[in-house]
Amino acid sequence: GQPGRTDAFPLDIGEWRAGVPMVFADFAVGNELAATAGATVRLKVDATLQLGTDHNVIAETRHGDPRNVVMVGAHLDSVPEGPGINDNGSGSAAILETALQMKRFPVRNKVRFAFWAAEELGLLGSDQYVADLSQAERDRIRLYLNFDMVASPNYAIKLYDGDNSDNVGSPAGPPGSAEIEKRFEAFYDARDLGHVGTDFDGRSDYGPFIAVGIPSGGIFTGAEGIKTPEEAALFGGTAGTAYDPCYHQACDTIANIDATALDVNSDAIADSTARYAFNLRTIPR
Ligand code: PHE
Ligand code: ZN
Ligand code: ZN
Ligand code: ZN
């Protein structure tokens, strides 16, 4: 959408609007690479630098108590190297379908969907969104659910380790994050499906939310990491190879999706969103 313009979408869940325009330079990526190579990093914006503008797209339900906001997000951008179908068409599609289905019932709590811009440049869209919220607006967001890569071809079902009980080495999340992880665990347990914990270290758009103390959680099916024999026993697939061999590459196409993972994880996304849309009793204020 254009800045200041409200885009009309054929949806009955409420209003879709473009977020605050965000001007970015690609020095975020360039400097990271330069720093890795041990080079001196200079933050000098000059004519050789490519500038761009992007927008988050935010939609929320017409119904629901605005003092209790359930926020659900996925990044819509990809890296320039490829189309980004698993990373992150998968999460975007799952939350879009969840949003579309929400019109079947008026919810108790306000549900707000975010399609983040410029995650791949360093969480720019989610970072700007959280930074621009007043403290009162932050307090109204009771929890944030993040979905980034939910259909990796050699998938494991990885739940952000909000309760710090899975020995993955990241610190526990804000109070309430443990309860969110337990809710996802209950979903998979009820279907006799395995799950493992994964780093809750801020490597996706939930980072800015946990940094300001908003309880968060989410599902991840693995990126460049290597599947373990234990995970292959739990989920099938191939131990010793990457969860997503096409991560950040041109081959991250529609062929790079595991349909079973997309199906079950989309159900988990819809289930958790719909439950929190009605009941936030497990989430501390
Ligand atoms: N945020 C990473 C990317 O978009 C993927 C990722 C998601 C990594 C969740 C770890 C956990 O490339
Ligand atoms: Zn990515
Ligand atoms: Zn991603
Ligand atoms: Zn855990």
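Q: Got a minute to help me understand the coordination of the zinc ion (ligand 4) in this structure?
A: Around a metal, the perfect tetrahedron of four donors has angles of 109.5 degrees, and the perfect octahedron of six donors has angles of 90 or 180 degrees. Within the protein, Asp-161 (OD), Asp-163 (OD), Asp-166 (OD), Glu-181 (OE) and Glu-181 (OE) serve as the donor atoms for the zinc ion (ligand 4), at 1.8 to 2.4 Å. The exposure class assigned to Asp-161 is buried, which follows from its relative accessible area of 0%. According to the relative accessible area criterion, Glu-181 is buried, its value standing at 2%.

Q: Can you walk me through the pattern of salt bridges in this structure?
A: Any two side chains of opposite charge can pair, given that their charged atoms come close. Applying the stated criterion across every chain, the model contains seven salt bridges. Residue Glu-60 pairs with Arg-112 through a salt bridge whose shortest N-O separation is 2.8 Å. One end of the pair, Glu-60, is in strand E4 (residues 57-60); the other, Arg-112, is in strand E6 (residues 109-116), and 52 residues separate them in sequence. In this structure Arg-112 comes out as buried when scored by relative accessible area, which is 13%. Here Arg-183 makes a salt bridge to Asp-271, at a shortest N to O gap of 3.4 Å. Placement of Arg-183 in helix H5 (residues 177-190) and of Asp-271 in helix H8 (residues 259-278) is noted, with a sequence separation of 88 residues between them. Looking at Arg-183, the relative accessible area reads 23%, which means it is partly exposed. You can call Asp-271 buried: its relative accessible area is 18%.

Q: Is there a simple way to explain the side chain of Asn-265 in this structure?
A: Among the structural elements, Asn-265 can be located in helix H8. On the basis of relative accessible area, Asn-265 is assigned to the buried category, the value being 0%. Look past the residues within four positions of Asn-265 in its chain and what remains in contact with it is Val-150, Ile-157, Tyr-188, Ile-219 and Thr-221.

Q: Help me out: how do you make sense of the packing of aromatic side chains in this one?
A: Between two aromatic rings, the relevant description is the distance of the centres plus the angle of the planes. As enumerated under the stated definition, the model contains twelve aromatic pairs in all. For the pair Phe-200 and Tyr-206, a centre-to-centre distance of 5.0 Å together with 10 degrees between the ring planes defines the contact as stacked. On the accessibility criterion, Phe-200 (2% relative accessible area) is buried. Given a relative accessible area of 2%, Tyr-206 falls into the buried group. If you follow Arg-191 out to its NZ or CZ, it ends over the ring of Phe-187, 3.6 Å from the centre. Here Lys-227 stacks its cationic end above the ring of Tyr-155, 5.6 Å away from the centre of that ring.

Conventions we followed
- Residue indices follow the written sequence of each chain, beginning from 1 at its first position.
- For this description, chains carry letters from A and ligands carry numbers from 1, given in the order in which they are written.
- Owing to the predicted nature of the model, reporting of local features is limited to residues with pLDDT of at least 70; listing and counting of side-chain atom pairs is limited to 80 or more, with chain, interface and lining totals taken over all residues.
- Heavy atoms throughout the structure, all of them, feed into the side-chain values; hydrogens and water do not.
- A donor here means any N, O or S atom no more than 2.8 Å from the metal (3.2 Å for Na, K and Ca); water is not included, so a site may seem to lack partners.
- Buried means the residue's accessible area, taken with a 1.4 Å probe over protein chains only, is under 20% of the maximum for its type, while exposed means over 50%, and partly exposed covers the values in between.
- By convention in these notes, a salt bridge is any Lys or Arg side-chain nitrogen within 4 Å of a carboxyl oxygen on Asp or Glu.
- Put simply, DSSP H or I for four residues or longer makes a helix, DSSP E for two residues or longer makes a strand, and each gets a number counted from the N terminus.
- When checking whether two residues touch, look at their non-hydrogen atoms; a contact exists if any pair is within 4.5 Å.
- Only Phe, Tyr and Trp rings are paired, with Trp represented by its six-membered ring, and only when their centres lie within 6.5 Å; those with planes under 30 degrees apart are stacked, over 60 edge-to-face, the remainder tilted.
- Comment: the charge-over-ring label is applied if NZ (Lys) or CZ (Arg) is within 6 Å of the ring centre and within 35 degrees of the ring normal.

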